[in-house]
Amino acid sequence: MRFDPKLVRGDVPLLNRVINGRPITYLDSGASSLTPRPVIEAMDRYYQHHHANVHRGVYQTANEATAIYEGAREATARFLNAPGGSPEIVFTKNATESFNLLARSWGATFLGPGDVVLVSEMEHHANIVPWFQLRETHGVEVRFIPVGDDFRLDLSRVEEAMAGVKLVSVTAMSNVLGTINPVRALADLAHAHGALIAIDGAQSVAHLRTDLVDLDVDFLAFSAHKMLGPTGLGVFWAREELLRAMPPFLGGGGMIKDVSTDGFTPATGPSKFEAGTPPIAQAAGFAAALRYLDGLGMDNVAAHEHDLTVDALTRLATTFDGRVRVIGPDNGVERGGVISLDVEGVHPHDVAQVLDQFGVCVRPGHHCAKPLMKRFGLAATARASFGPYSLTSDTDVLLEALTHAVEMFA
Amino acid sequence: MRFDPKLVRGDVPLLNRVINGRPITYLDSGASSLTPRPVIEAMDRYYQHHHANVHRGVYQTANEATAIYEGAREATARFLNAPGGSPEIVFTKNATESFNLLARSWGATFLGPGDVVLVSEMEHHANIVPWFQLRETHGVEVRFIPVGDDFRLDLSRVEEAMAGVKLVSVTAMSNVLGTINPVRALADLAHAHGALIAIDGAQSVAHLRTDLVDLDVDFLAFSAHKMLGPTGLGVFWAREELLRAMPPFLGGGGMIKDVSTDGFTPATGPSKFEAGTPPIAQAAGFAAALRYLDGLGMDNVAAHEHDLTVDALTRLATTFDGRVRVIGPDNGVERGGVISLDVEGVHPHDVAQVLDQFGVCVRPGHHCAKPLMKRFGLAATARASFGPYSLTSDTDVLLEALTHAVEMFA
Amino acid sequence: MANLDDLYREIILDHYRSPRNRGELAPPAHRTEGFNPLCGDEIVLYALVENGVLLDIKLTGHGCSISQSSSSLMSAAVKGKSLDDVRETIATFKALMTTPEHTPGDDEQAVSDANLRRLGELAALAGVVKFPVRIKCATLAWNTLAQALDEIDA
Amino acid sequence: MANLDDLYREIILDHYRSPRNRGELAPPAHRTEGFNPLCGDEIVLYALVENGVLLDIKLTGHGCSISQSSSSLMSAAVKGKSLDDVRETIATFKALMTTPEHTPGDDEQAVSDANLRRLGELAALAGVVKFPVRIKCATLAWNTLAQALDEIDA
Ligand SMILES: Cc1ncc(COP(=O)(O)O)c(C=O)c1O
Ligand SMILES: Cc1ncc(COP(=O)(O)O)c(C=O)c1O
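About the thresholds
- Residues numbered from 1 in each chain as written.
- Chains lettered and ligands numbered in written order.
- Predicted model: local features only at pLDDT ≥ 70, side-chain atom pairs only at ≥ 80, totals over all residues.
- Heavy atoms only, no water.
- Least-squares fit on C-alpha atoms with pLDDT ≥ 70 in both.
- Contact = heavy atoms within 4.5 Å.
- Domains from an automatic or database assignment.
- Buried area = accessible area lost by both parts, 1.4 Å probe.
- Salt bridge = Lys/Arg side-chain N within 4 Å of Asp/Glu carboxyl O.
- Polar contact = N/O pair within 3.5 Å; in protein donor to acceptor, adjacent residues only side chain to side chain.
- Helix = DSSP H or I, 4+ residues; strand = E, 2+ residues; numbered from the N terminus.
- Pairing = 2+ DSSP bridges.
- Right-handed = clockwise from strand over helix to strand, strands pointing away.
- Near = heavy atom within 4 Å.
- Areas by Shrake-Rupley, 256 points an atom, 1.4 Å probe, with all protein chains shown as cover.
- Nonpolar A, V, L, I, M, F, W, Y, C, P; charged D, E, K, R; others polar.

> Describe the relation of the copies chain B and chain A, and please don't skip the residues or the numbers.
In the superposition of chain B on chain A (RMSD 0.0 Å, axial shift 0.0 Å), the rotation amounts to 180 degrees. Both copies are brought into coincidence by an operation consistent with a two-fold rotation axis. Taking C-alpha positions as reference, the residue of chain B nearest the rotation axis is G232(B), located at 2.9 Å. Here 100% of the contact residues of chain B are again contact residues in chain A; the copies associate through an equivalent surface.

Structure (structure tokens):
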């Protein structure tokens, strides 16, 4: 059963903000989601009652903190239906660190000159720059799957680009276009060519149901702060046998089995990749966010945001006489609730500035996807994006403010 | 003027916990400090009113979040008296990441075969393992300054170990022994030999006043969670000219100036080292922790903990007839409030277990300092450590519980 | 509360829609690029200096209304002036762009009314300081011009 | 509430103070190392197997009272037994160490009373399950023994 987004709204304190005399219209969930009260409270409870450093403690609060932290790992594994369970879940600081872990541990060990990492033109910099860095240190080739004029990846273009590819690394949902990529088909294609596949789930995990058994991918990266969770926590998932074969990434406490003045031996399990004191309170908050999303049901979240998107795309197409162009798939194509706008004669920066006057929060810029921007001959877009707490009335205010922007610069 | 630790206690909700029927006696601040209410509230306020992704935003809450995040950077620079101000402050996820950044960016660029990194036998694994990793990838030598039987570094031993040394990397305060190392003298010595010096401030910054202008060091690493701040935030400080010469560490959004399908150019300033969405809420909490510590005055914090330590060492020496040995400098030597215990016939794990029954939180183990443990022929110690909220009555309960442990295993 | 009209004055919108001195200059004109990595605004500035006078200036590039109008307004204000005058105008404009928080006090305004008058049309950009994130947009062209003059000097 | 006396039974403290079967065995005895990276406990186990019987077992190493007494109790319980019996004892003990949360239900106890009786002195370690972090201490010797048997088999 669909949830009532008004009730979700009531759980999000920030939605009580009044901006420039108007109630806030938050349309930037693609950059970061707003935080529901139960998530904030879980972190407060942690600091007020259970905080201690994890692992190796014997006293009660240390055990509680460890149970909270490891419990979040288990909750994450369940949320993703990870085939190997919680030992496959590594906590990082954000999706970006997860990609760097992938490139520097797996990539630096198993790839070299002549090997190709195949990304797409619609990738976020987090899934591009680490591969360029690996190219510098290890001589791999970074190849780009082109994005079609329909804002989608053409599987036949992927197929023909597969020579020498050891890893396909693509986003499940574009943070600029809203395009949803066919992850399972890409996984089958990669595997058929003897390659592995990594998925950027920063957008998709927050807005669609993710089932790792169904998707049959090998690596996944995403961030808590885009899915109602706190800042400062990311997830890296990999099949257990891959994790086992990967050397450690960062070095320090917690990731070792032994250290002497001669050298060290790494720990086993996810700890191998979690050097230093981990984001414990953030794990507590993230577990609460997963509980919250489970309560809504990810299928319901997806359906709710889909309805909002269909409505917004329809109204954008009819309201502005073609002066507002959507950079991304139109209705009729499966897509996420990210809507990038190109307003004729008004720079995205100015669009966002005028919208701010109406309390509308949209993000102008390249959205850390400069190759994609270049592909479509744009320097920037103004991007509106939905979350579980969004309503069609948010779209009303967006259209009102956009109308003002268009008139002002006419 | 000295603060009233009872008032600090009133600010720390976790100190209301009752453990096994007794009020909690928290003596594990060396592992992680307890969190005062103003710090928790600053993060709540952030999530409730100001949360948005930082940078590139135009709308109001994005500007507020950016101002909060950059404000924390400025507060950190002031707290440390950083000579170059906030552009020298890089936020990481913990002290461990800070050391990895140092090793992989500066180390991997400026060090090679024949170059020596000089650490000490009393280092935390965070300041050992990254150098072993650099040895593997770049062939540097890792050399250890021995720790004397007085639990201190002998400067003459440092002097004689300086051949080929490009970096001295030592802790300002040992997390096992409590030893305070002569940072300024070490800095002068390193510089006299044309080497740079990095300081592990994980313990010292939390318990002593840190003045980077006076210390004249080149790099500093520490964590927020040990100084009343949240988990998930670390600091890396380096002189501005060094930061400028260092290549980026992790790759992704936020750390670039430009990206195309051909390559990328890194950003300038601290952003170069902050790939991905940073720990924004944690920065808000950390700024509140710095304000709180400033309110107490770091000299007062140091004096308070010094008094507690002198008292505890005196009573430990007289209570147990030599059955409880302190692994660290005795009274009369400048030292921090970290007291490692070796109880005759009782394994540290058992000590901590018995103490837990009295609500006393101490940490058993190698404290991520295995080379130091080996140096003193120990597998582990039971460590008690003080914070600004500690009282002599905590020591009372510690001694009561220790007496029980000693009797039980007699 | 900062008002949109403070930012988007009619003069600014006019210069945005019809930028002055747009285009390129062939060598010996000096070419300098300016870039704002935060929002992606780009400017290419061509300056022809002879005998201590900025004989001609042209700009291309793309960006928001503030960065584009500021470069247009700038070009109109500095073209044909002596380098000393140009440098003084740059300094005055940059003082205008100092955020109010940094102003010492009410009676020590960063920019005196006399200076404001001297800025002429440029004063239309004064409202930008109420929108601190946009200051970088307004100063991009000016920093690029300052850099160009330094390079020509060197 | 878990009570300290549940953990530190007199038998446990006795085996900790006076460990049985401490020492080394020369080859052909099999040598296996066990290590608990979390608390640093180490065990070296020597097992002499002939004709399907664990003729002799000795242990060295260091660790807390639970890990040390558990290895001492284990050595006394398995020495001289057939490998089948040893394997059964290992299985019974590991079932005893299953945390209560994982027990299917009250009427399906992980370890029956009959089994508990069969464990004899080993039953003194039953209280460890109330202190979940200590379970790894109690099972270290047992996992090492299981590994040793696997290695001997292979
Ligand atoms: C001296 C010292 N260095 C480094 C660290 C590592 O800090 P973190 O775990 O926060 O990265 C610690 C704390 O465990 C420490 O005490
Ligand atoms: C598709 C995509 N990938 C990666 C990222 C990077 O996430 P983070 O900044 O949390 O590391 C983002 C968000 O900015 C994103 O939208």
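> So what's going on with the domain arrangement of chain A? Residues and values would help.
All names here are of chain A. Splitting chain A by domain gives domain 1 (5–29 + 297–408) and domain 2 (40–295). A C-alpha centroid distance of 28 Å is found between domain 1 and domain 2. Taken together, the contact between domain 1 and domain 2 spans 33 residues of the former and 33 residues of the latter. For the pair domain 1 and domain 2, the two sides together bury roughly 2800 Å², of which 60% comes from carbon and sulfur. For the domain 1 face of the interface with domain 2, the top three residues by lost area are M298, L372 and R375, together amounting to 23%. On the surface where domain 1 and domain 2 come into contact, there are 3 salt bridges. Across the pair D299 and R209 runs a salt bridge whose closest N-O atoms are separated by 3.1 Å. The interface formed by domain 1 and domain 2 contains 16 residue pairs in polar contact (both at pLDDT 80 or more). For the side of domain 1 that touches domain 2, the secondary-structure elements that each account for two or more residues are α12 (298–319), β14 (338–343) and α14 (370–375).

> Please give an account of the pairing of strand β6 (residues 141–145) of chain A that cites residues and values.
Every other side chain in a regular strand lies on the same face of the sheet, so the side chains alternate between the two faces. All names here are of chain A. Two strands pair when backbone bridges link them, and strand β5 (residues 116–120) and β6 are joined in this way by 5 bridges, in the parallel orientation. Each bridged residue has a counterpart across the sheet, and for V116 the counterpart in β6 is E141. Since β5 and β6 lie parallel, the crossover through helix α5 (residues 129–138) that links them has a hand, and here it is right-handed.

> Which residues make up the site of ligand 2, and what values do they have?
What surrounds ligand 2 is a group of 15 residues, the closest being T96(A), D200(A), S223(A), K226(A) and T277(B). In this structure, ligand 2 is bordered by residues of chains A and B. Contacts to ligand 2 include Q203(A), whose side-chain N or O atom sits 2.8 Å from an oxygen atom. Between S223(A) and ligand 2, the recorded distance is 2.5 Å, taken from a side-chain N or O atom to an oxygen atom. For ligand 2, the accessible surface in isolation is 400 Å², of which the surrounding protein chains cover 95%. Here the residues of the shell around ligand 2 are counted per class, giving 3 nonpolar, 10 polar and 2 charged.

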